[in-house]
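Close look at the chain arrangement
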2 protein chains.
Amino acid sequence: MMENNDNKLQLGMVVFDGFQLLDTFGPLEMFGALKDKVDILMIGERSGIVKSSAGPAVVVDRTFDEITTLDMLLIPGGMGTRREVNNQPFVDAFRKLAERTPHVASICTGAAILARTGLIDGLKATTNKRAFKWATSQRDKVVWIKQARWVEDGKFFTSAGVSAGTDMALALIQKLFGHDVAISVANGAEYEWNEDPHHDPFAKLNGLIDD
Amino acid sequence: MMENNDNKLQLGMVVFDGFQLLDTFGPLEMFGALKDKVDILMIGERSGIVKSSAGPAVVVDRTFDEITTLDMLLIPGGMGTRREVNNQPFVDAFRKLAERTPHVASICTGAAILARTGLIDGLKATTNKRAFKWATSQRDKVVWIKQARWVEDGKFFTSAGVSAGTDMALALIQKLFGHDVAISVANGAEYEWNEDPHHDPFAKLNGLIDD
């Protein structure tokens, strides 16, 4: 694959109309700081542009069909997930790419799409805490974790809502490149990383746990 | 102006090749949660698309010339600021728009461009802590603050590096819509807001202060 000839890791971020901005660009900020190690591609069902839930639109770099191999595949949440969970060609294309990608992560309600693929059946996962009921109802075979900033199980990372994706991205950077690199990336972005996947005040805030 | 006919506030985010992703989309995530109160426009020197420093490209909604009035004008940092501080037509277009906009904010090294306009001469401001020397050297008439997550002076907000823009955006939301709205927006994004503009561990980390 052309993009692989300089030995950088290839990261694909899936986008769709109604994707959530910070789900997408929090993680990409962190991976984007590793320009000597990671290349970023925005992946869409069709070429052209897609519009975020907040309005701003981004350019699709590759369609699902144009991607052969990736090292990391991420999918954000956003109101568009309500449509895409029922878009079977989209779910299938995402599943096929996820099956052959070594590291796969969802942010926020992106977990609903990941769950719909069946690839995380029997595995632990989390999702947005305000939309927890909707997202988890998409697949009852997943072991949904109510209180977690993010969950790692096998090759899958799933984060809680929106800003949690940034903390999870740093955990994936730590896994791939070590703790010092993750801290350096966080410090470069003047970001106080929540390194503890169990620190999640939003489970209680949204009534998912009692204490 | 057409966009104003529903009484929403109009927010313009300036983008340029080499803009920083999280500088831009952290704040826009927060304002984007207020869809009944705020419309977001991406503003560029030319129509078309601009490419972030990390790779992903976004669509310019309006050129400087196409904007008549805004309620808020924001400008991010990123490596592209090194070029744009010396792009006088860009600085002039930004200045003209900033002069007539009630709330103006910079994120990270976006402060260097804001400073180049002369509009914050004699005012307090801050910027990225790793690039502090470069950014502050762009204009010695600004009262540069070494330790601050963000600084408010008159109609201008300036934030520290990258992720600090998100905390500043919530402070601007608080100013415009009240504390409860800011907290609600932060909670909706599962974001633990640093509400204290003086909390800034990155000044010391980058050797700007001794203790």
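Residues numbered from 1 in each chain as written. Chains lettered and ligands numbered in written order. Predicted model: local features only at pLDDT ≥ 70, side-chain atom pairs only at ≥ 80, totals over all residues. Heavy atoms only, no water.

Where an unreviewed UniProt entry is consulted, chain A appears under the name ThiJ/PfpI domain protein, with the organism given as Chitinophaga pinensis.

1. A closer look at the pattern of salt bridges
All names here are of chain A. The full count for this structure, using the stated rule, is 20 salt bridges over all chains. We note a salt bridge from Arg95 to Glu99, for which the minimum N-O separation is 3.2 Å. Pair noted here: Arg95 and Glu99 are both in helix H3 (residues 88–99), with a separation of 4 residues, about one helical turn. Note on Arg95: relative accessible area 22%, which makes it partly exposed. Owing to a relative accessible area of 43%, Glu99 belongs among the partly exposed residues under this scheme. (Salt bridge = Lys/Arg side-chain N within 4 Å of Asp/Glu carboxyl O. Helix = DSSP H or I, 4+ residues; strand = E, 2+ residues; numbered from the N terminus. Buried < 20%, exposed > 50% of the residue type's maximum accessible area, 1.4 Å probe, protein only.)

2. Side note on the packing of aromatic side chains
This model, assessed by the stated rule, comprises 7 aromatic pairs over all chains. Summarising the aromatic geometry, the rings of Phe64 of chain A and Phe90 of chain A are spaced 5.6 Å apart at their centres and angled 80° between planes, so their arrangement reads as edge-to-face. Taken together, the residues Phe64 of chain A in the loop between strand E5 (62–63) and strand E6 (72–75) and Phe90 of chain A in helix H3 connect sequence positions 26 residues apart. Classification of Phe64 of chain A as buried rests on a relative accessible area of 7%. Between Phe19 of chain B and Phe25 of chain B, the aromatic rings sit 6.3 Å apart at their centres with planes inclined by 70°, giving edge-to-face as the arrangement. You'll find Phe19 of chain B and Phe25 of chain B in the same group, each marked buried. By the ring-pair criterion, three or more aromatic residues cluster together here, those being Phe19 and Phe25 of chain A together with Phe19 and Phe25 of chain B. Note that Lys37 of chain A overlies the ring of Phe177 of chain A, its terminal NZ or CZ placed 5.9 Å from the centroid. (Phe/Tyr/Trp six-rings, centres within 6.5 Å; stacked < 30°, edge-to-face > 60°. Lys NZ or Arg CZ within 6 Å of the ring centre and 35° of its normal.)

3. Focus: the packing of helix H1 (residues 21–32) of chain A against helix H1 (residues 21–32) of chain B
When two helices pack together, their arrangement is given by the angle between the helix axes and by the axis-to-axis distance. Viewed as axis vectors pointing N to C, H1 of chain A and H1 of chain B meet at an angle of 160°, and their least axial separation amounts to 9 Å. The angle between the axes of H1 of chain A and H1 of chain B places the two elements in the roughly antiparallel class. Here the hand of the crossing between H1 of chain A and H1 of chain B comes out left-handed. Note on element contacts: H1 of chain B touches H1 of chain A through Leu21, Leu22, Phe25, Gly26, Leu28, Glu29 and Met30 of chain B, opposite Leu21, Leu22, Phe25, Gly26, Leu28, Glu29 and Met30 of chain A. Taken together, the residues of the contact of H1 of chain A with H1 of chain B sort by class into 10 nonpolar, 2 polar and 2 charged. (Axes fitted to C-alpha atoms, helices over the stretch in contact; angles between N-to-C directions. Parallel < 35°, antiparallel > 145°, perpendicular 65-115°, else oblique. Left-handed = near helix turned anticlockwise from the far one by under 90°. Contact = heavy atoms within 4.5 Å. Nonpolar A, V, L, I, M, F, W, Y, C, P; charged D, E, K, R; others polar.)

4. Regarding the sheet that holds strand E1 (residues 9–14) of chain B
All names here are of chain B. Overall, mixed pairing links the 7 strands, which are arranged E5-E2-E1-E6-E7-E11-E10 in an open sheet. Each of the sheet's edge strands pairs with one partner strand only, and the pair in question is strand E5 (62–63) and strand E10 (150–153). Strand direction decides the pairing type here: E1 and strand E2 (residues 38–44), joined by 6 bridges, are parallel. The residue of E2 that forms the bridge with Leu11 is Ile40. Across the sheet, H1 is in contact with E1, E2 and strand E6 (72–75); its angle to E2 comes to roughly 155°. Its contacts with the sheet place helix H3 (residues 88–99) against E1, E2, E6 and strand E7 (103–106), and it is angled at close to 150° to E6. (Pairing = 2+ DSSP bridges.)

5. What about the sheet that holds strand E10 (residues 150–153) of chain A?
Residues and elements named next belong to chain A. With respect to topology, 7 strands assemble into an open sheet ordered E5-E2-E1-E6-E7-E11-E10, the strand pairing being mixed. For this open sheet the edge positions go to E5 and E10, each flanked by a neighbour on one side alone. By the bridge criterion, 3 bridges tie strand E7 (residues 103–106) to strand E11 (residues 156–159) in an arrangement that is parallel. The partner of Val104 across the bridge, within E11, is Phe156. Of the strands in this sheet, strand E1 (9–14), strand E2 (38–44) and E6 touch H1, which is tilted by about 155° from E2.

6. A short note on the interface of chain A and chain B
Reports of interface size often rely on the accessible area that becomes lost once the parts have come together. In this complex, chain A contributes 39 residues to the contact, which on the side of chain B involves 39 residues. Taken over both partners, the interface formed by chain A and chain B buries close to 3,200 Å², and the fraction arising from carbon and sulfur atoms is 57%. The interface formed by chain A and chain B contains 21 residue pairs in polar contact (both at pLDDT 80 or more). At the level of elements, H1, E2, strand E4 (57–60), helix H7 (179–188) and helix H8 (201–205) of chain A are the ones that each hand at least two residues to the side of chain A that touches chain B. Per element, the largest residue contribution to the side of chain A that touches chain B is 8 residues, and it comes from H1 of chain A. Here the side of chain A that touches chain B is built from residues that sort into 20 nonpolar, 12 polar and 7 charged. (Buried area = accessible area lost by both parts, 1.4 Å probe. Polar contact = N/O pair within 3.5 Å; in protein donor to acceptor, adjacent residues only side chain to side chain.)

7. Remarks on the UniProt feature "domain: DJ-1/PfpI" (unreviewed entry) in chain A
Within the UniProt annotation, "domain: DJ-1/PfpI" (unreviewed entry) is assigned to residues 13–174 of chain A. In this annotation, residues 13–174 of chain A is assigned 31% helix and 24% strand; the end-to-end C-alpha distance for the span is 19 Å. (UniProt positions renumbered as here; feature names shortened; annotations may be inferred.)

8. Some details on the packing of H1 of chain B against helix H6 (residues 164–177) of chain B
Residue and element names in this part refer to chain B. Relative to each other, H1 and H6 sit at 30°, their axes nearing to 7 Å. On the basis of the axis angle, H1 is roughly parallel to H6. Considering only the axes of H1 and H6, their crossing is right-handed. Between H1 and H6, the contacting residues are Gly26, Pro27, Met30 and Phe31 on the first element and Gly165, Thr166, Ala169, Leu170, Leu172 and Ile173 on the second. When grouped by side-chain class, the residues that make up the contact of H1 with H6 number 7 nonpolar, 3 polar and no charged.

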